[in-house]
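Breakdown of the fold
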Amino acid sequence: MAKKLPPLNWLRTFEAAATSMSFTAAARELGITQSAVSQQVRLLESHLGRPLFHRLPRGLRLTEAGDALLPLLGDAFARIAEGTAEIFGDIDRVRLLVRATTSFAALWLVPRLGRFRARHPEIEFRLTSSIWPADYPDPAVDLEIRYGTGRWSGLRADRLTWDELFPVCSPDWARGAQKLEKPEDLARCTLLHAFGFRDGWPEWLAKAGLTDKVDGASGLEFDLGLAALDLAERGVGVALGRTCYAAERIAAGRLIVPFDIRLPTDEAFYLVSAEGRTPTADATAFRDWLLEEAAGARRAR
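Below or above, wherever it landed, is the structure these notes cover. (Residues numbered from 1 in each chain as written. Predicted model: local features only at pLDDT ≥ 70, side-chain atom pairs only at ≥ 80, totals over all residues. Heavy atoms only, no water.)

**Side note on the side chain of Arg 287**
Counting through the fold element by element, Arg 287 comes out in helix α11 (residues 281–300). With a relative accessible area of 5%, Arg 287 lands in the buried category. The contacts of Arg 287, once residues within four sequence positions are left out, are Leu 143, Arg 156, Asp 158, Leu 271 and Ser 273. (Helix = DSSP H or I, 4+ residues; strand = E, 2+ residues; numbered from the N terminus. Buried < 20%, exposed > 50% of the residue type's maximum accessible area, 1.4 Å probe, protein only. Contact = heavy atoms within 4.5 Å.)

Okay, structure coming up:
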């Protein structure tokens with residue numbers, strides 16, 4: 001059996017590249033060159049007799065074999081790390097590792113973390129962020145907050161938000177030269193888009209009956225909802241607010257909702273973790289607290 005097992009460094013390199021879908025990112029993570037990553041992946045593919053990646057002009061895509069191998073390796077490396085820590089203890093202090101999308105972390109989660117810290121001062125945690133989640137969860141991450149329908153293979157998902165979409169702008173913008181008195185006035189405005197969501201300006205305009213009156217594709221686009229809200233607050237244009245993103249700024253008077261038309265969205269933010277993986281006591285405490293916060297935010301709407 002030992003002779004049939006590929007070298008562990010080849011497997012680790014493949015796992016890093018497949019998780020990030022980037023040889024460059026894997027090289028940074030592993031502290032080796034990009035060419036070394038490419039060479040080790042090719043050696044592994046030769047050893048296994050099957051390609052693991054489709055090399056595309058603009059990136060990578062896993063083959064069927066690579067797609068099957070990745071979760072097995074992630075689980076195996078996680079078990080090795082957990083077993084080593086259980087037997088020998090951790091060299092570094094163990095921190096709860098939580099990952100969330102950048103905008104959700106900044107606009108919803110971070111403003112609440114003081115309450116978690118007050119309740120659990122003994123729990124040390126690390127919060128990392130990314131614009132959008134990877135296809136596969138990082139086995140080193142205890143809990144992740146991601147956006148979608150809540151149906152991800154191999155993941156337990158607890159819903160955190162029940163959002164509606166609605167235009168938001170600065171108070172000065174609405175009262176100034178733009179004079180947002182009726183929805184049709186949006187035709188004169190710069191629309192601020194946060195792409196990556198299923199629903200956006202075209203869907204809201206359709207609900208408002210304005211498809212033929214306002215160009216829903218015009219304006220400025222951002223991959224961060226945070227950027228769109230910041231520019232709306234600065235009077236650059238009108239953003240499509242999302243309940244969980246905009247509630248705090250609306251309550252503070254930094255943004256206003258000029259119209260009553262709201263579009264419910266079925267997609268939401270979810271707290272996810274790997275199924276079948278026993279959560280730590282710290283992860284359980286964080287989940288319980290976060291679900292309590294989510295329930296309170298929903299009641300307060």
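**Section: the state of the cysteines**
Taken as a whole and judged by the stated rule, the model has zero disulfides. Cys 169 carries a free sulfur, and the closest cysteine sulfur to it, the one in Cys 189, is 7.6 Å from it. Classification of Cys 169 by relative accessible area gives buried; the value is 0%. For Cys 189, a relative accessible area of 9% gives the class buried. (Disulfide = S-S within 2.5 Å.)

**Some details on the packing of aromatic side chains**
Scanning the model with the defined rule gives 14 aromatic pairs in all. Each ring, one from Phe 104 and one from Trp 108, has its centre 5.1 Å from the other, and the planes form 20°; the classification is stacked. Here the residue Phe 104 and the residue Trp 108 both occupy positions in helix α5 (residues 102–109), the gap between them amounting to four residues, near one helical turn. For the residue pair Phe 104 and Trp 108, the accessibility class agrees, reading buried in each case. Among the aromatic residues, those joined into a ring-pair cluster are Phe 104, Trp 108, Tyr 147, Phe 197, Tyr 245 and Phe 269. The cationic tip of Arg 12 hangs over the ring face of Phe 77; the distance from NZ or CZ to the ring centre is 5.9 Å. The ring of Phe 197 carries the charged tip of Arg 242 above its face, separated from the ring centre by 3.9 Å. (Phe/Tyr/Trp six-rings, centres within 6.5 Å; stacked < 30°, edge-to-face > 60°. Lys NZ or Arg CZ within 6 Å of the ring centre and 35° of its normal.)

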